[in-house]
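Report on the structure
Residues per chain, in single letters:
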Amino acid sequence: NAGVMQNPRHLVRRRGQEARLRCSPMKGHSHVYWYRQLPEEGLKFMVYLQKENIIDESGMPKERFSAEFPKEGPSILRIQQVVRGDSAAYFCASSPARGGGGYTFGSGTRLTVV
Amino acid sequence: QQQVKQSPQSLIVQKGGISIINCAYENTAFDYFPWYQQFPGKGPALLIAIRPDVSEKKEGRFTISFNKSAKQFSLHIMDSQPGDSATYFCAASGVNDMRFGAGTRLTVKP
């Protein structure tokens, strides 16, 4: 059981480029959540997805950010035209069921925008 | 909006002492209250969790106390050790997602 796999672990992008963050949930988990963590801050909810569906994206910025969880393959968090303020650690978690806890987190992707 | 409020922001405790971190929530629909431990450069890891039908849960040196009427819960770490030094997040989960507190950075001095 490999746990939640996130890649890359570190990502450096220049301002204006696109960042793609990948998350493979634990085996048997069909619910995926993305969180953003700024230095010295807590975890901010971004989006909750099930296979092929976005359930709750109330924490996603309205522009430049998008997420998907296709039928096959990992969940992708995509940030277009990155700016310095996007620099953060992005964590993915997965769970076997909707709500009720049971979240398992990945090790995160640390995005640095230069 | 901040649905889970956590305090203190940072905490320094001597080895062997008791560490206490408090959280309060607003949404009465939350039905699962976990605590996560995060070491630098790592993802949060589930430490201990409680459901609102019990008032206390203990696992080793870690205890959650839960007060449903006050909508508050706390983490107690007994006999704190330097290896416990980490950031601790409380959380509250409902149907759709989990909301986290802002975190408490615990330092246990030897």
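The following paragraphs examine the structure supplied in this document. (Residues numbered from 1 in each chain as written. Chains lettered and ligands numbered in written order. Predicted model: local features only at pLDDT ≥ 70, side-chain atom pairs only at ≥ 80, totals over all residues. Heavy atoms only, no water.)

1. Looking at the sheet that holds strand S7 (residues 65-68) of chain A
Working definition: the strands of a sheet are paired by backbone hydrogen bonds and lie parallel or antiparallel to each other. Residues and elements named next belong to chain A. Using the following cut-off: When DSSP finds at least two bridges between two strands, those strands are taken to pair. Secondary structure follows DSSP: runs of H or I at least 4 residues long count as helices, runs of E at least 2 residues long count as strands, and numbering of each begins at the N terminus. Angles here are taken between N-to-C directions and fall from 0 to 180 degrees, while the axes themselves are lines fitted to C-alpha atoms, restricted in helices to the stretch in contact.
If you trace the four strands from one edge of the open sheet to the other, you get S1-S3-S8-S7, paired in antiparallel fashion. Only two strands of the sheet have a single partner each, and these edge strands are strand S1 (5-7) and S7. The sheet shows a mean angle of 15 degrees between the axes of neighbouring strands, taken without regard to direction. When S7 meets strand S8 (residues 75-79), the two strands line up antiparallel, connected through four bridges. If you follow Ala 67 over to S8, its bridge partner there is Leu 77.

2. Things to note about the interface of chain A and chain B
It is common to give the size of an interface as the accessible area that goes away when the parts come together. Stated precisely, the cut-off is as follows: Residues are treated as being in contact if the distance between any of their heavy atoms lies within 4.5 Å. By definition, the buried area sums, over both parts, the 1.4 Å-probe accessible area that each loses when the two are put together. Here, a salt bridge means any side-chain nitrogen of Lys or Arg that lies within 4 Å of a carboxyl oxygen of Asp or Glu. Between N or O atoms, a polar contact is any pair within 3.5 Å; within protein, one atom must be a potential hydrogen donor and the other a potential acceptor, and residues adjacent in sequence are included only when both atoms are from side chains.
With 24 residues of chain A at the interface, the matching set in chain B holds 21 residues. Across the chain A/chain B interface, buried area totals approximately 1600 Å², and carbon plus sulfur atoms make up 47% of it. The tally of links between chain A and chain B comes to one salt bridge. For Asp56(A), the salt bridge identified is with Arg99(B), shortest N-O distance 4.0 Å. Counting the contacts that link chain A with chain B gives six residue pairs in polar contact (both at pLDDT 80 or more). Secondary structure elements with two or more residues in the side of chain A that touches chain B: strand S4 (31-37), strand S5 (43-50) and strand S6 (53-56) of chain A.

3. Structural notes on the sheet that holds strand S8 (residues 72-77) of chain B
Residue and element names in this part refer to chain B. Taken in spatial order, the five strands make up an open sheet running S1-S3-S8-S7-S6, and their pairing is antiparallel. The open sheet has two free edges, formed respectively by strand S1 (4-7) and strand S6 (56-59), since each of these has just one partner strand. Looking at each pair of strands side by side, their axes are set apart by 15 degrees on average, direction ignored. Pairing between strand S7 (residues 62-67) and S8: six bridges, direction antiparallel. Considered in S8, the bridge of Phe 66 is made with Phe 73.

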